Amino acid sequence: EPNYRLYPMATQISGDAGAAYLWGLKNYGQSILGITGVAGVDINLEKAWLVTQGNPNVLVAMIDTGVDISHPDLARAIWTNPKEIANNGLDDDFNGFIDDVCGWDFRNNDNSVFDSATIDKHGTHCAGTIAAARDLAGVVGVAPGVRILPLKFMDTNGGDTSHAIAAIEYARVAGAKIVNCSWGGDDGSQALQEAITQS
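Residues numbered from 1 in each chain as written. Predicted model: local features only at pLDDT ≥ 70, side-chain atom pairs only at ≥ 80, totals over all residues. Heavy atoms only, no water.

## Re the overall build of the protein chain
Looking only at helices and strands, the protein chain has four helices and eight strands in total. Ordered by position from the N terminus, the helices and strands of the protein chain form the series β-β-α-β-β-α-β-β-β-α-β-α. Relative to the globule expectation of 16 Å for 199 residues, the C-alpha radius of gyration of the protein chain, 18 Å, shows essentially globular dimensions. Principal-axis analysis of the C-alpha atoms places the extent of the protein chain at approximately 55 × 35 × 35 Å. When each of the 199 residues of the protein chain is scored for burial, the buried share is 38%. For the protein chain, the distance from the average site of its 12 positive side-chain charges to the average site of its 24 negative ones is 10 Å. (Helix = DSSP H or I, 4+ residues; strand = E, 2+ residues; numbered from the N terminus. Rg over C-alpha atoms; globule rule 2.2 N^0.38 Å. Buried < 20%, exposed > 50% of the residue type's maximum accessible area, 1.4 Å probe, protein only. Lys, Arg positive; Asp, Glu negative; His and termini not counted. Charge placed at Lys NZ, Arg CZ, Asp CG, Glu CD.)

Printed below as a string of C-alpha cells:
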C-alpha cells in the first residue's frame, strides 16, 4: 500500500498565525469564540495537499467586490496581464480595457480592482480563502499556489448582472479555468446562466 502521510490530530493546518481559526480546513476540536469544534468535520485539506497546493498555471477569477492586491497574504498570488504595460494609458493587448494590469473593475469601469478595505472586504476574504500564502502570517488558503484574477463587479450594496456577465467573459478570455462567484440574488437570469454555461 502507499506510504501514507500522517499528521498530529491536535495541531492547526499550518504555521500561519491565524491558522487555528480555519476550522473548515482542519478541525481538531479547537475552541473558536468559545465554541468547541468537532474534530474531523472539515474538508480534509491535508490529504489534498499531498497531491497539490495549487499550481501557478491555474488562474482563478475572483468575480466579487475588489481584492486587495497589495495584501501581504495575496500579493504574490495576484495575476498580472503579460500583454499590458502598466500606466501608459493604452490598451496594449487590444482587449478593450486600458491598463488592465491586474484585472478590471466593471462596477466603476476602471483598472482599480481595490478601492477600500470596507467596500472590498468580501472579495479580499474570498481570495484569501483560495490563495492566501503559506508564510507563517495571517491565514493560509486552500490552494496557495494558484493565481488570482481580481474582477470587481459589485460593492457592499451588490452589483448588476450585466457587470457580472462582462466579468465572466473577461475571465474566459484571460484563461481562467476556475471562477469564484460567491454571490447571488432572488431573481433568475437567463443571460447570466448562458454566460456561465459558455465560459
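We are not done yet, so read on.
## Some remarks on the sheet that holds strand β3 (residues 59–64)
As a general point, the strands of a sheet are linked pairwise by backbone hydrogen bonds and lie either parallel or antiparallel. A sheet is described by the order of its strands in space; here four strands give the open sequence β4-β5-β3-β8, paired in parallel fashion. What marks the edges here is a single partner per strand, and that holds for β4 (104–105) and β8 (178–180). Of the strand pairs in this sheet, β4 and strand β5 (residues 147–152) are connected by two bridges, and their pairing is parallel. Among the inter-strand pairings, D105 is bridged to a residue of β5, identified as K152. Against the sheet, helix α2 (residues 121–131) makes contact with β3, β5 and β8, and its axis sits at roughly 155 degrees relative to β3, the strand it touches most. Each of β3, β4, β5 and β8 touches helix α3 (residues 161–174); the most contacted strand, β5, lies at about 150 degrees to it. (Pairing = 2+ DSSP bridges. Contact = heavy atoms within 4.5 Å. Axes fitted to C-alpha atoms, helices over the stretch in contact; angles between N-to-C directions.)

## Notes on the packing of aromatic side chains
As enumerated under the stated definition, the model contains six aromatic pairs in all. Pairing W79 with Y170 gives two aromatic rings, centres 6.5 Å apart and planes at 85 degrees, and the pair type is edge-to-face. Here W79 is found in the loop between β3 and β4, whereas its partner Y170 is found in helix α3, with 91 residues between them in sequence. Pair check on accessibility: W79 and Y170 agree, each one buried. Ring pairing ties together the aromatic residues W79, F97, W104, F106 and Y170, which thus form one cluster. (Phe/Tyr/Trp six-rings, centres within 6.5 Å; stacked < 30°, edge-to-face > 60°.)

## What to know about the pairing of β5
Summarising burial for β5: five of the six residues are buried, a large majority. Across six bridges, β3 lies against β5 in parallel orientation. Bridging from a neighbouring strand, L59 pairs with R147 of β5.

## Focus on α3
Between the first and last C-alpha of α3 there are 20 Å, a value that for 14 residues agrees with the 20 Å anticipated at 1.5 Å per step. All of the buried residues in α3 are A164, A167, I168, Y170 and A171. Buried residues of α3, seen end-on, are gathered within an arc of 160 degrees and therefore sit on one face of the element. Buried residues belonging to α3 abut β3, β4, β5, β8 and α4 (190–198). Just past α3, the residue G175 takes up positive phi, approximately 100 degrees. (Expected span 1.5 Å × (residues − 1). Arc of directions from axis to C-beta.)

## Describing the pairing of β3
Burial runs high along β3: six of the six residues are buried. Of the two faces of β3, the one holding L59, A61 and I63 and the one holding V60, M62 and D64 are both buried throughout. In terms of strand pairing, β3 meets β8 through three bridges, oriented parallel. For A61, the partnering residue across the bridge sits in β8 and is V179.

## What to know about the pattern of salt bridges
The full count for this structure, using the stated rule, is six salt bridges. Its salt-bridge partner being R76, residue D135 comes within 3.4 Å of it at the nearest N-O pair. Separated by 59 residues along the polypeptide, D135 in the loop between α2 and β5 and R76 in the loop between β3 and β4 bring together distant segments of the chain. Looking at D135, the relative accessible area reads 25%, which means it is partly exposed. Each of D115, D120 and K152 takes part in one network of salt bridges that share partners. (Salt bridge = Lys/Arg side-chain N within 4 Å of Asp/Glu carboxyl O.)

Everything listed here is a matter of coordinates, which is why it stays silent on function.
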